[in-house]
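Each chain, letter by letter, is given below.
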Amino acid sequence: MSADDEPPSAPSASISLWRLRSYLRPYVGTLIVAWLAAILSIAASTVIPLVGREIIDGPVVRGDQGALLWLGALTLALGVVEAFLIFLRRWTQGFLVFGVETAIRNDLYAHLQRLPMSFHDEWQSGQLLSRATTDLSTIRRFFGFGALFLVMNILQLTTVTILLLRMHWPLGLLVAVSALPIVYVSIRFEHRYTVLSRQVQDEQGDLATIVEESALGIRTIKAFGRRGHVFGGYDEVAGKVYRTSMAKVRLGSRFFTFLEVIPNVTLALVLLLGAAAVAGGGLSLGTLVAFTTMVLQLAWPVAALGYILAMGQEAMTAADRVMEVLDTPPSIVGGPVVIERPRGHLRFEGVEFRFPGADRPVLRDVTLDVRPGETVAIVGATGSGKTTLTALVPRLADVTAGRVTIDGQDVRDLTLPALRSVVATAFEEPTLFSMSVRENVTLGHGQASEEEVRAALEVAQATFAYDLPWGLETRIGEQGMSLSGGQRQRLALARAVLGHPKILVLDDTLSALDVETEALVEEALRRVLADATGIVVAHRASTVLLADRVALLRDGTIAHVGTHHQLLNEVPEYRSLLAAEEVV
Amino acid sequence: MMTVSTDRQWQGVAAENQDDVPQKVSLLLRERSRRLLGELLRPHRRAIARLVVVVLLSNVAGLSIPYLVALGIDTGIPALARGEGMGITLMIVGSILGAALAQALTRQAFLRISGRIGQDVLLELRRRVFTHFQRLSLSFHEKYTSGRVISRLTSDVEALAELLQAGFDGLVTAVLTLVGTAVMLLILDVHLGLVALAPLPLLFLATRWFRRQSALAYRRTRETVALVIVHFVESMTGIRAAQTFRREPRNQEIFEQLNEDYRAANARSMHLVAIFMPGIKLIGNVTIALVLVYGGWLAFRQEVTVGVLAAFLLYLRQFYEPMQEISQFYNTLQSAGAALEKLSGVLEEPPGVAEPEHPVPLPAARGAVTFAGVRFSYTPDIPILPELDLEIPAGQTVAVVGATGAGKTTVVKLISRFYDPVAGRVLLDGVDLRDLDEATLRRAVVMVTQENFLFSGTVADNIRFGRPDAPMADVVAAATAVGAHPFISGLPGGYEAEVGKRGGRMSAGQRQLVAFARAFLADPAVLILDEATSSLDVPSERLVQRALRTILAGRTAVIIAHRLSTVEIADRVLVMADGRVVEDGPPDRLIAASGRFAGLHTAWLESLSASG
């Protein structure tokens, strides 16, 4: 990470960019070579017109033929050196800028992976993506070219101006003064351009979000034939991007033109005064020619100054957006403890959970002791907090009061890898990645053997995977779309039971299975749960029967604990939740 | 695929992720991109014409400046020296100022017009590609993945934006400056001009080399960035699973590898520029040296004036500076070209379920569904439905049961025309679904699945998704009917509560209830429920079922459910196995018989009896 030691003061845009400088550290040598090459190449290109002056004032005017060849050879040599130096600068920069961009992107990704679910629930991946791609490219372009040219151009402007002053000070002064309006306008322009740039970037982020939703929600959109509606929303934001971009175009067109007109006006004035000076004998003809050449040479650096400032502005806002993510502290970080031989004794002690800013907690005062090897079913009405409760065990969310312990250790004291290898979860909505079935199943256990994978697939009744076109190596689409809901759930279950976790959390994992498959899975799960501690969120009596005890969750707290039959006999609410469905 | 002609084989998005495509194909792809660009630019013909005029004027003005400087040196200074006064010099200086002003005005006009054209084209492209993605079939989306959809609509569109904004400006200016300067050089002095232009063939060769190399390099860049994007989006979307299963290190490893590939591709194209740009500079500098020596010799022999020599030096600088811009332009052109290739590929993908050319109107669907000799398979060798004939009268509630993979979901997807049958016909009220336009079909048939995607926005927005003009009272009524009202009223903000990213703060069951309310509010003639109650707890499911009795009255319904409790509200049960209907009849009759359904039913009763 770039600068963890920076104080978290109000992050101004330029500070964000400055903080990224540490990424340049590994490239200090390269940087020096590139900058030296740049400075020397500018020196070479500045000297060439001076040689031209010598040719005009010497050989041409005085008729010195020998000097002509010599000066010609010098021009040639300078030209070759300049080209080589440019090559050197660009070649070394190729390593530098993309190296920096890649390093920041890697860190950004690593940081995002560390950030808790609460962050990811709020941030659309489209917004994150635009930071990892568009914004980083903008920063890279600035680091690579912008910063270099900013300094080079200022350097070139100063040296050429000094040279001009020395050649003929009144004309030189004229050129120097002509730079003033440019500086003034540039500074004013800069501010307005920043505002527009940030706006375009944000709007493009919104657009990316809509695109993402429209791609992920394509089934729903199609099912309701709501293309038009979704397009309307997209079009509105695209229109905003359009209008803001046009405002940017208009502002830019005024500014860039201004930048180009000033050098030409200067040239005209130089010619006017220069002609008078030559006629008056105060200036040699060769100097005037060199002068005009050099004034034109200034045209590009001056005009480019505007582009570079704009680029710098964009880089600053981009850096701001990137730092916004990098500065979000990963609120869920592991502790130092590793349980050597976990027994799987899970306790919830006075647990409370509330979303930030919510007035009512989702869970309150939950106390539950699950002994090693025991399985407890969590039963409760929709929205009673069951899924939240299960998320607290692998620390996808942290308790806001109380604690969750495993073998007496607060889960917050365990290292995250240690905790998450003790606890395995199968979610109701299985997330499958676009990779092979095998990789999906062995997600947390890269080293799993063929037998272990087979055993896990058998428990989850997911051996259908062997019959896929390429067996376990079959790539399944994003979100496993080409598989049915039940098939996906079974693969996610296989993922959870692989590697015999000490604590197994099943969040209504069997909901999409048909009765026959469910019965088979339950049968197999019974064996797995025999030597694991289990938390099973259940809606069905058949699933509840996997558990030794049942905890009834009501309004975020545990209302009753007991065996299935006890609760069935004693608690009417439980009966209504789980009693036999009305039979045909 | 072997027998298919090359053209067909590379149609649509087939060429994506191919590192090298045959020469003929790459021509084909380029032609396709050019056609798209042409289509996009055509509405702006008049603006482009204006642009051409403005650009010509701007360049004439710009080119005249060094010429005027030469004139000033050669005629103004001698006149001054002879004591003939400032007249000529002032006139020339005045002309330079005029030219500078003209250049500024035309330049500003150019930036505005080209900016407008660029933004218009982008907006149009965004609209087109987005609309087209929405029209493409589900099977396309399943293969293509959302990461790629996103990268098409973001980074590819932006690559084109860069071309339109900066690239055109660079190219047009460069080409015109090049041609104009060459002409001016020859006018000023033919001999010296020829010497100055002698390296042109070298320039041409260098540019050709660069163009070819950078075409390959940029293609690779786009490919690698797409992979970075896909991995990024997918791992951020699935972050919960990644964290739970300690996938982060492996994800990081994969990401860093992809990122490294992207870096290498970028560095490669950057290095091409590193060779090309100084190469051009070298040619330019050598030319300047030649012109200085030869021009100096000519000036010494009084064959050219010092003013002309000065103008030559000014012009040569202008001549080679834009060459740098041309190579810059190639960068943007290449990335935009690669982007355009893919975008045009997407646009070429035929919508799997095509809109009919002559849609049959069906103003008030009754909801009779017929399968006539329907065959279906996702891949040619593995038939999912070998041959299905089925008649569902309007208003009937049909439950479809069977083991996983029996083809239940395929049947309902055919009814909602997510796919078209390979052979045979699916009819609604006697009309082939392929003859109905989309709006009609979607009004008539709505499907609720177990995936309940919620869009960002309020709860009410989500319920209204199928009928955006529904009054609030109807929204509440629909939510109440499915039992979602109590929990929605409990949310902070009630119906106006934001659901958060993909409904993140709701439980799966709550999202399912919202999805149900959405379907009921849409009020279709045919309602399909595919495992739609699987996430609900028993009381909620019971509530939904009670609601279904009223809601399904007078409506055709096809219900897939693993819980046989749903069957009780069905008029008819279809038992499917291996893509065929093996039992068909009213539920009580099937139970009385001793077929599969009777068996399933017994097993289900046993699972219930476990509850005491």
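Every value quoted in this text rests on a predicted model; they were computed, and no experiment measured them. (Residues numbered from 1 in each chain as written. Chains lettered and ligands numbered in written order. Predicted model: local features only at pLDDT ≥ 70, side-chain atom pairs only at ≥ 80, totals over all residues. Heavy atoms only, no water.)

Asker: Is there a simple way to think about the overall build of chain A in this case?
Answerer: For chain A, the count of helices and strands is 18 helices and 10 strands. Expected size for 584 residues packed as a compact globule is a radius of gyration near 25 Å; at 35 Å, chain A overshoots this value by more than 25%. With the principal axes as the frame, chain A shows a C-alpha extent of 120 × 45 × 45 Å. Looking at chain A as a whole, 61% of its 584 residues qualify as buried. Sequence-distant contacts in chain A: of pairs separated by 6 or more residues, those separated by 24 or more amount to 76%. In chain A, 51 positive and 60 negative side-chain charges are present, and the distance between their average locations comes to 5 Å. (Helix = DSSP H or I, 4+ residues; strand = E, 2+ residues; numbered from the N terminus. Rg over C-alpha atoms; globule rule 2.2 N^0.38 Å. Buried < 20%, exposed > 50% of the residue type's maximum accessible area, 1.4 Å probe, protein only. Contact = heavy atoms within 4.5 Å. Lys, Arg positive; Asp, Glu negative; His and termini not counted. Charge placed at Lys NZ, Arg CZ, Asp CG, Glu CD.)

Asker: What's the story with the domain arrangement of chain A in this structure? I'm lost.
Answerer: In many reports, interface size means the accessible area that the parts give up when they come together. Segmentation of chain A into domains returns domain 1 (3-326) and domain 2 (346-580). Using C-alpha coordinates to define each centre, domain 1 of chain A is positioned 54 Å away from domain 2 of chain A. (Domains from an automatic or database assignment.)

Asker: Looking at this structure, how should I read the sheet that holds strand β6 (residues 445-448) of chain B?
Answerer: The strands that make up a sheet are held in pairs by hydrogen bonds between backbone atoms, and each pair lies either parallel or antiparallel. Residues and elements named next belong to chain B. Strands sit in the order β6-β7-β8-β3-β9-β10 across an open sheet of 6 strands; the sheet is mixed. Edge positions in the sheet fall to β6 and β10 (580-585), since each of these pairs with one other strand and no more. Each adjacent strand pair in this sheet contributes to an overall mean axis angle of 20°, direction not counted. Bridge count for strand β9 (residues 572-577) against β10 is 5 bridges, and the pairing is antiparallel. Bridging from a neighbouring strand, V575 pairs with E583 of β10. (Pairing = 2+ DSSP bridges. Axes fitted to C-alpha atoms, helices over the stretch in contact; angles between N-to-C directions.)

Asker: Explain the packing of aromatic side chains to me, please; I cannot follow it from the model alone.
Answerer: The geometry of an aromatic ring pair is captured by two quantities: the separation of the ring centres and the angle between the planes. Across all of its chains, the model carries 18 aromatic pairs over all chains by this definition. Between F232 of chain B and F255 of chain B, the ring centres sit 6.2 Å apart and the planes meet at 50°, which makes this aromatic pair tilted. Taken as a pair, F232 of chain B in helix α8 (residues 200-237) and F255 of chain B in helix α10 (residues 248-300) lie far apart in primary sequence, 23 residues in all. Both residues of the pair, F232 of chain B and F255 of chain B, belong to the buried class. Ring plane angle 10° and centroid distance 4.7 Å describe the contact between F455 of chain B and F465 of chain B, whose orientation is recorded as stacked. In this pair, F455 of chain B sits in the loop between β6 and α14 (459-463) while F465 of chain B sits in the loop between α14 and α15 (472-481), placing the two residues 10 residues apart along the sequence. Just as F455 of chain B is buried, F465 of chain B falls in that class too. Through a chain of ring-to-ring contacts, the aromatic side chains of F84, F87 and W91 of chain A assemble into a single cluster. A cation over a ring is seen here: R495 of chain A above F245 of chain B, with NZ or CZ 5.6 Å from the ring centre. We note R240 of chain B situated over the ring of F427 of chain A; from NZ or CZ to the ring centre the distance is 3.8 Å. (Phe/Tyr/Trp six-rings, centres within 6.5 Å; stacked < 30°, edge-to-face > 60°. Lys NZ or Arg CZ within 6 Å of the ring centre and 35° of its normal.)

Asker: Help me understand the side chain of Q119 of chain B in this model?
Answerer: The topology assignment puts Q119 of chain B in helix α4 (residues 87-135). On the basis of relative accessibility, which here comes to 3%, the residue Q119 of chain B falls in the buried class.

Asker: Before we go on, may I ask you to explain the sheet that holds strand β5 (residues 431-432) of chain B in this structure?
Answerer: Residues and elements named next belong to chain B. The strand order β2-β1-β4-β5 describes an open sheet built from 4 strands, whose pairing is antiparallel. Looking at the sheet topology across the chains shown, the edges are occupied by β2 (382-392) and β5. Note: strand β4 (residues 423-428) against β5, 2 bridges, orientation antiparallel. Bridging across to β5, L428 finds its partner in V431. Across the sheet, helix α12 (residues 408-415) touches β1 (369-379), β2 and β4, and the angle it forms with β1 is around 115°.

Asker: I'm lost on the domain arrangement of chain B in this one. Help?
Answerer: Annotation of chain B at the domain level lists domain 1 (27-347) and domain 2 (369-611). Distance between the C-alpha centres of domain 1 of chain B and domain 2 of chain B: 56 Å.

Asker: Looking at this model, I keep getting lost on helix α13 (residues 450-459) of chain A. Mind explaining?
Answerer: Along an α-helix, a turn takes 3.6 residues, which lines up residues three or four apart on a common side. Residue and element names in this part refer to chain A. Every buried residue belonging to α13 is among V453, A456, L457 and V459, and all of these are buried. Looking down the long axis of α13, one finds its buried residues gathered within 160° of arc, a one-sided arrangement. If you follow the buried residues of α13, they end up packed against α12 (437-441), α14 (485-497) and α15 (515-530). (Arc of directions from axis to C-beta.)

Asker: Help me understand the confidence of the model for chain B in this model?
Answerer: When pLDDT drops low, the exact placement of atoms in the prediction is not to be read closely. Residue and element names in this part refer to chain B. Considering every residue of chain B, the mean pLDDT works out to 83; 92% of them sit at 70 or more. Confidence scores differ between elements of chain B, with helix α1 (residues 6-9) showing the lowest mean pLDDT of 52 and β4 the highest of 92. Considering only residues more than four positions removed or in separate chains, one finds that residues 1-6, a stretch of pLDDT under 50, has 4 contacts. Of the two predicted TM-score estimates for the complex, the pTM is 0.76 and the ipTM is 0.82. (pLDDT = per-residue confidence, 0-100.)

Asker: In this structure, what is going on with the pattern of salt bridges? I would like to understand it.
Answerer: For side chains bearing opposite charge, pairing can occur when the charged atoms are close. The full count for this structure, using the stated rule, is 43 salt bridges over all chains. Here R198 of chain A makes a salt bridge to D320 of chain A, at a shortest N to O gap of 3.7 Å. One end of the pair, R198 of chain A, is in helix α6 (residues 169-216); the other, D320 of chain A, is in helix α9 (residues 285-326), and 122 residues separate them in sequence. For R198 of chain A, a relative accessible area of 24% corresponds to the partly exposed category. Assessed through its relative accessible area of 16%, D320 of chain A is described here as buried. One salt bridge connects E248 of chain B with R420 of chain A, and the closest N-O pair in it is separated by 3.6 Å. (Salt bridge = Lys/Arg side-chain N within 4 Å of Asp/Glu carboxyl O.)

Asker: How should I be thinking about unusual backbone geometry in this particular structure?
Answerer: Residue and element names in this part refer to chain A. You will see that D365, though not glycine, has its phi angle at about 50°, which is positive. Looking at the element boundaries, D365 is found in strand β2 (residues 363-370). Residue D365 is classed as exposed on the basis of its relative accessible area of 56%. Phi is positive for D407, which is not a glycine, with a value near 50°.

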